Amino acid sequence: MAGIYQAVHRRASSLVCRLHSTYVRKMRYLHELKEDDSLCRQAQVSGTFYLFHNLSPFLQKVGKKYVVPQLGAAEMKRILETFKETEHWIEKSVLIGCSDEHVPHFALDLGALEKSVLESELKGSFTDLRKALFVVDEKDSPLLSSAQSLLRWHDSHQYCSKTGQPTQKNVAGSKRVCHASGIIYYPQVSPVVLTLVSDGSRCLLARQPSFPQGMYTVLSGFCDMGENVEEAVRREVAEEVGLEVESLWYSASQHWPFPSSCLMIACHALVRAQQAEISMNRLELEAARWFSLEEIMEGLKREPRPSQQDNGNFSPWFPPKQAIAHRLIWEWVKQQTS
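The structure presented is a predicted model; accordingly, all values stated were derived computationally and were not measured.

A.B. asks: Before we go on, may I ask you to explain empty space enclosed by the protein in this structure?
C.D. replies: In the structure shown here, the tally under the stated rule is one cavity of 30 Å³ or more. Taken together, A206, Q208, F211, T217, V218, L219, S220, E240 and L285 make up the full set of residues lining the largest cavity. For the lining of the largest cavity, the per-class residue count stands at five nonpolar, three polar and one charged.

What follows is the structure, given as structure tokens:
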């Protein structure tokens, strides 16, 4: 029996090592592409391209599903020739990842070309990213998010903030350089804390005036310079709803491309039930209130869109499952029912 156990353990360990090695090789290959312009140019010939038009990703509808097509270099060349464009367009692409087989993925924005002609040629449509993220396969959402964030960053960082001179991107798009000053600029993300506040038996959700009718979600706010996550959570809860956090714990994180490139850091926070009276900051929020477990369960059953009741009010509904705020709400439900 001991021999059988050892054999099984060796096979399992071997599998883990092989999987780990695949990941390590993939990450090191991506690093090489970012650092070696010549190697990255070669990769563009064998890579695939995700297309955007003024930061809107290209989608195709197949049956009832929306897919994100990946175009090869040969197909890209054919399309650009249709528009009498040269291959220098490929130089504008940015590296966004690669497959386990080391097929590089690039994103390219063709915003200067006629949108309707492109859509007709490619047999699809350029869709607003906010809508696209909720209709494509879950594996494609992170790629579209990171691609748009990187394309947007390059578009807004074409000049050096110190010299005012143009900056030049490397082939992979992992940085921009001001040759006049030698300053290297790297893409940055803005940390945002998302907090589900609970008093032990209820959870607090809020809405901003810009939200769709009836939508409630967790509290959120950008981290201030010099703050750690814990300090940001405590400050945001105090600022927005006038409550003092007693304890908090981290849940998960998610990249989110809106309003630019954000790292959403999701947390749970507990306040004392005896000190749970909401004092809402009306400059930040339109509404904030406590929800019971029953109300949350009912809200989760509803479609994530406005639904008007007979009395004219809108039924509360919550962010869709692709958003990390949805995860926080579900985690709270599990805590209450376990």
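More follows now that the structure is in view.
A.B. asks: How do you make sense of the pattern of salt bridges when you look at a structure like this?
C.D. replies: Pairing between side chains of opposite charge can happen when their charged atoms approach one another. If you walk through the whole model with that rule in mind, you get 17 salt bridges. Here E246 makes a salt bridge to R272, at a shortest N to O gap of 2.7 Å. Here E246 is found in the loop between α7 (229-241) and β14 (247-256), whereas its partner R272 is found in the loop between β15 (262-270) and β16 (287-291), with 26 residues between them in sequence. One connected set of salt bridges, linked through shared partners, spans D224, E227, R235, E236 and E239.

A.B. asks: Got a minute to help me understand the UniProt feature "domain: Nudix hydrolase" (unreviewed entry) in the protein in this structure?
C.D. replies: When the UniProt feature table is mapped onto this chain, "domain: Nudix hydrolase" (unreviewed entry) is found at residues 184-313. Along residues 184-313 the backbone is 17% helical and 34% strand, and the end-to-end C-alpha distance reaches 53 Å.

A.B. asks: Hey, could you run me through the domain arrangement of the protein in this one?
C.D. replies: Quite often, the size of an interface is put as the accessible area lost when its parts meet. Taken domain by domain, the protein holds domain 1 (22-159) and domain 2 (190-305 + 313-337). At the junction of the two partners, domain 1 supplies 10 residues and domain 2 supplies 10 residues. Contact between domain 1 and domain 2 buries roughly 850 Å² in total, counting both sides, with carbon and sulfur atoms accounting for 68%. When residues of domain 1 are sorted by the area they lose upon contact with domain 2, R130, F134 and S149 head the list and together hold 51% of the total. At the boundary of domain 1 and domain 2, one finds zero salt bridges. Applying the counting rule to domain 1 against domain 2 returns two residue pairs in polar contact (both at pLDDT 80 or more). For the side of domain 1 that touches domain 2, the secondary structure elements donating two or more residues are α5 (129-132) and α6 (141-156). Top element by residues in the side of domain 1 that touches domain 2 is α6. It accounts for five residues. Of the residues assigned to the side of domain 1 that touches domain 2, the class counts are three nonpolar, four polar and three charged.

A.B. asks: Explain the packing of helix α8 (residues 293-301) against helix α9 (residues 324-337) here, please?
C.D. replies: Between two packed helices, both the angle of their axes relative to each other and the distance between the axes serve to describe the pair. Where α8 meets α9, the axes come as close as 11 Å, and the angle between the chain directions of the two elements is 135°. It follows that α8 is oblique to α9 by the angle criterion. Note that α8 runs across α9; the crossing there is left-handed. Here α8 contributes L293, I296, M297 and L300 to the contact with α9, which in turn contributes H326, I329, W330, W332, V333, Q336 and T337. The class makeup of the residues in the contact of α8 with α9 is eight nonpolar, three polar and no charged.

A.B. asks: Teacher, can you tell me more about the side chain of S99 here?
C.D. replies: With respect to the helices, strands and loops of the structure, S99 is situated in the loop between β5 (94-98) and β6 (104-109). Setting aside residues no more than four positions away along its own chain, S99 makes contact with K26 and H105.

A.B. asks: It is not clear to me how the packing of aromatic side chains should be interpreted in this structure. Could you clarify?
C.D. replies: What characterises a pair of aromatic rings is the spacing of the ring centres plus the angle enclosed by the ring planes. Across all of its chains, the model carries six aromatic pairs by this definition. For the pair Y216 and F291, a centre-to-centre distance of 5.3 Å together with 70° between the ring planes defines the contact as edge-to-face. With a gap of 75 residues between them, Y216 in the loop between β12 (203-207) and β13 (219-222) and F291 in strand β16 connect regions that are remote in the sequence. A relative accessible area of 1% places F291 in the buried class. Looking at K92, its charged tip hangs above the ring of W89, at a distance of 4.1 Å from the centre. Lying across the ring of Y216, R289 places its NZ or CZ 5.9 Å from the centre.

A.B. asks: Help me understand α9, please; the structure alone is not making it clear to me.
C.D. replies: With 14 residues, α9 extends 20 Å between its outermost C-alpha atoms, agreeing within 8% with the 20 Å of an ideal straight helix rising 1.5 Å per residue. Those residues of α9 lying buried are I324, A325, H326, L328, I329, W332 and V333. Buried residues along α9 sit against β11 (190-198), β12, β14, β15, β16 and α8.

Criteria and cut-off values
- Residues numbered from 1 in each chain as written.
- Predicted model: local features only at pLDDT ≥ 70, side-chain atom pairs only at ≥ 80, totals over all residues.
- Heavy atoms only, no water.
- 1 Å grid on protein atoms, 1.4 Å probe; cavity = no way out; pocket = protein on both sides within 12 Å on 5 of 7 lines; lining within 4 Å.
- Points joined across faces, edges and corners; volume = space filled by probe spheres on them.
- Nonpolar A, V, L, I, M, F, W, Y, C, P; charged D, E, K, R; others polar.
- Salt bridge = Lys/Arg side-chain N within 4 Å of Asp/Glu carboxyl O.
- Helix = DSSP H or I, 4+ residues; strand = E, 2+ residues; numbered from the N terminus.
- UniProt positions renumbered as here; feature names shortened; annotations may be inferred.
- Domains from an automatic or database assignment.
- Contact = heavy atoms within 4.5 Å.
- Buried area = accessible area lost by both parts, 1.4 Å probe.
- Polar contact = N/O pair within 3.5 Å; in protein donor to acceptor, adjacent residues only side chain to side chain.
- Axes fitted to C-alpha atoms, helices over the stretch in contact; angles between N-to-C directions.
- Parallel < 35°, antiparallel > 145°, perpendicular 65-115°, else oblique.
- Left-handed = near helix turned anticlockwise from the far one by under 90°.
- Phe/Tyr/Trp six-rings, centres within 6.5 Å; stacked < 30°, edge-to-face > 60°.
- Buried < 20%, exposed > 50% of the residue type's maximum accessible area, 1.4 Å probe, protein only.
- Lys NZ or Arg CZ within 6 Å of the ring centre and 35° of its normal.
- Expected span 1.5 Å × (residues − 1).

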